[in-house]
Amino acid sequence: MESTEERPNHDELFKYVLTQPNTAKAFLSLYLPEDVRSLCHFPTLRLEPGSFIDEKLSKLYTDVLYSVETVQGEGYIYCLIEHQSTPDPMMAWRLMQYSVSVMASHLKNGHKKLPLVVPMLFYHGKIQPYPYSMQWLDCFDQPEQAARLYSQPFPLVDLSVRSDEEILTHPKEVAMLEWVQKHIRERDMQAWINGLIVILDTGYNKKEQLEVLLRYLLHNGHAQNFTQIIHHMANQLPEDKNMVMTIAEELKQEGRREGREEGRKEAKLETARAFLQNGVSVEIIIRSTGLSREQIDALRH
């Protein structure tokens, strides 16, 4: 007859045994890849606390995580041991996802370089042998392309070395973005606005796109006279002249409204400061100005 006494489940036994430092050292010495094992300074082996683990991921994994310093005296290696009794075709991806989380936590703790994270799967399921690949790249629909992509530098679009001549040969939608963001920090917009007009004159004339562009120029560009810039653009884009001027006027009105609202807010803050200096209670200040308690509290600091 089967005992009714409650028995520990697989995870509990796994965690109990593998969280013992001597057992963990023996396990890792036995199963770590040789090139990684030779880097480990095992006297520094340390079980990482649960707080180290990303909270969202901790609900998905039954892991044991150890850190160990390298024999060179700098850098860290993390050994992540995941226990499973049921095969999972995406396990390699899950281990990679968890490894990245460990790396992110390492950086949050003040380190400047990423550590090596060695994910390991401890499997004892009924299906023999383990049926799925432990190469995370095999989780992609195109594993060969993924292997090439993730083993080389990522694509870089560096506008700081992109010539104006090259930008002007690009499709107009891309050219507009590149031209504006390459030149936006220059001291005078007048020096580069004609290049933008050339791009816009190729037919980039949807109202919402022009509105986003003009808003961006207004808030980020440097110009002695933005109104003059707008009129110059309008005159150089006769088909879009009315649209450019209409959008510019709308933005001008919007700016005036924002200015008035900012002025009213500042007046309320000044009133609140005066009330505080004269010992008026916070409750009265809230009713009188409409400011929040948090805004008033901030004035005290």
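Below: a short report on this structure.

Cut-offs and rules
Residues numbered from 1 in each chain as written. Predicted model: local features only at pLDDT ≥ 70, side-chain atom pairs only at ≥ 80, totals over all residues. Heavy atoms only, no water. Helix = DSSP H or I, 4+ residues; strand = E, 2+ residues; numbered from the N terminus. Contact = heavy atoms within 4.5 Å. Areas by Shrake-Rupley, 256 points an atom, 1.4 Å probe, with all protein chains shown as cover. Buried < 20%, exposed > 50% of the residue type's maximum accessible area, 1.4 Å probe, protein only. Pairing = 2+ DSSP bridges. Patch = residues over 30% accessible without salt bridge, like charges linked within 9 Å, V, L, I, M, F, W, Y side chains within 5 Å. Salt bridge = Lys/Arg side-chain N within 4 Å of Asp/Glu carboxyl O. Right-handed = clockwise from strand over helix to strand, strands pointing away.

**So, the overall build of the protein**
Thinking step 1. Secondary structure assignment for the protein yields 14 helices and four strands.
Thinking step 2. Across the protein, contacts joining residues at least 24 apart in sequence account for 57% of those joining residues at least 6 apart.
Thinking step 3. Surface accessibility of the protein: about 19,900 Å² in total, with carbon and sulfur atoms responsible for 52%.

**Observations regarding the environment of L114**
Thinking step 1. Within the secondary structure, L114 sits in the loop between α5 (91-108) and β4 (116-123).
Thinking step 2. Its relative accessible area of 55% is what places L114 among the exposed residues.
Thinking step 3. It is 9.4 Å that separates the C-alpha atoms of L114 and I77, two residues lying 37 residues apart in sequence.
Thinking step 4. Ignoring anything within four residues of it in the chain, the contact list for L114 reads M103 and L107.

**Brief notes about the sheet that holds strand β3 (residues 76-84)**
Thinking step 1. Spatial ordering of the open sheet is given by β1-β2-β3-β4, a layout of four strands whose pairing is mixed. Here the strands that pair on one side only, and so sit at the sheet edges, are β1 (46-47) and β4.
Thinking step 2. Taken together, the seven bridges between strand β2 (residues 63-69) and β3 define a ladder with antiparallel strand orientation. Paired with D63 across the strands is E82, a residue of β3.

**Thoughts on a nonpolar patch on the surface**
Thinking step 1. On the surface, F140, L149, Y150 and F154 cluster together into a nonpolar patch covering about 390 Å² of accessible area.
Thinking step 2. Structurally, the position occupied by L149 is in helix α6 (residues 143-149).
Thinking step 3. Accessibility expressed as a relative area gives 33% for L149, which makes it partly exposed.

**Quick word on the pairing of β3**
Moving residue by residue along a regular strand, the side chains alternate between the two faces of the sheet.
Thinking step 1. A large share of β3 lies buried, amounting to eight of its nine residues.
Thinking step 2. Here β2 hands over to β3 after six residues, with G73 in that stretch at a positive phi of 90°.
Thinking step 3. In this region the chain leaves β3, passes through α5 and returns to the parallel neighbour β4; the handedness of that crossover is right-handed.

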